[in-house]
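# Observations on the three-dimensional arrangement
Here is what each chain is made of, one letter per residue.
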Amino acid sequence: MSSQNVRCPVCGCLNKGLALDETHGWMECIKCKTVVQIQPEKYVKKIPVFDMSDTESIVNALARK
Ligand SMILES: [Zn+2]
């Protein structure tokens, strides 16, 4: 199990020891109580792997966001 320290994007408070991999990036700020989803690329070093020969799927995936 891993935990991350994440700075709240709303108030800037540092939230320590979050298990974002369990919550799919969701966290509740300890200070302002805002519930936000931290984008995985902001806390995980892994990057998504796309098959570059399949650009249509990539475009569709990006369009859904
Ligand atoms: Zn906050």
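None of the values given here were measured: they were computed from a predicted structure.

### Looking at the overall build of the chain
- Counting secondary structure elements, the chain contains 3 helices and 4 strands.
- Beginning at the N terminus, the succession of helices and strands in the chain can be written as β-β-α-β-β-α-α.
- For the chain, with 65 residues in total, the buried portion stands at 6%.
- Here the contacts in the chain between residues at least 6 apart in sequence split such that 15% fall between residues at least 24 apart.

### Points about the environment of V6
- As for its placement among the helices and strands, V6 is situated in strand β1 (residues 4-7).
- Under the C-beta neighbour-count criterion, V6 is labelled buried, with 20 such atoms within 10 Å.
- In the structure, V6 is positioned 11 residues away from G17 in sequence and 8.3 Å away in space, judged by C-alpha atoms.

### A word on unusual backbone geometry
- Positive phi, close to 60°, is recorded for H24, a residue that is not glycine.
- Looking at where H24 falls in the secondary structure, it is placed in the loop between α1 (20-23) and β3 (26-28).
- With a phi close to 65°, K33 is a non-glycine residue in the positive phi region.
- With 10 C-beta atoms packed within 10 Å, K33 lands in the exposed category.

### Some thoughts on the confidence of the model for the chain
- Predicted confidence across the chain gives a mean pLDDT of 82, with 77% of residues reaching 70 or more.
- Mean pLDDT in the chain bottoms out at helix α2 (residues 40-43), which sits at 60, and peaks at strand β2 (residues 14-18), which reaches 94.

### Overview of the environment of C32
- Mapping C32 onto the fold places it in the loop between β3 and β4 (35-37).
- For C32, a count of 12 C-beta atoms within 10 Å translates into the label exposed.
- Spatially, the C-alpha atoms of C32 and C13 are 8.3 Å apart, while their sequence positions differ by 19 residues.
- Other than its neighbours up to four places away in sequence, C32 contacts C8, V10, C11 and C13.

### What to know about the pairing of β2
- In terms of strand pairing, β1 meets β2 through 3 bridges, oriented antiparallel. Counted as the bridge partner of Q4 is L18 from β2.
- Hairpin connection, β1 to β2: the antiparallel pair is bridged by 6 residues, and G12 has positive phi, about 85°.

Parameters at a glance
Residues numbered from 1 in each chain as written. Predicted model: local features only at pLDDT ≥ 70, side-chain atom pairs only at ≥ 80, totals over all residues. Helix = DSSP H or I, 4+ residues; strand = E, 2+ residues; numbered from the N terminus. Buried ≥ 20, exposed ≤ 12 C-beta atoms within 10 Å, placed from the backbone. Contact = placed C-beta atoms within 7 Å. pLDDT = per-residue confidence, 0-100. Pairing = 2+ DSSP bridges.

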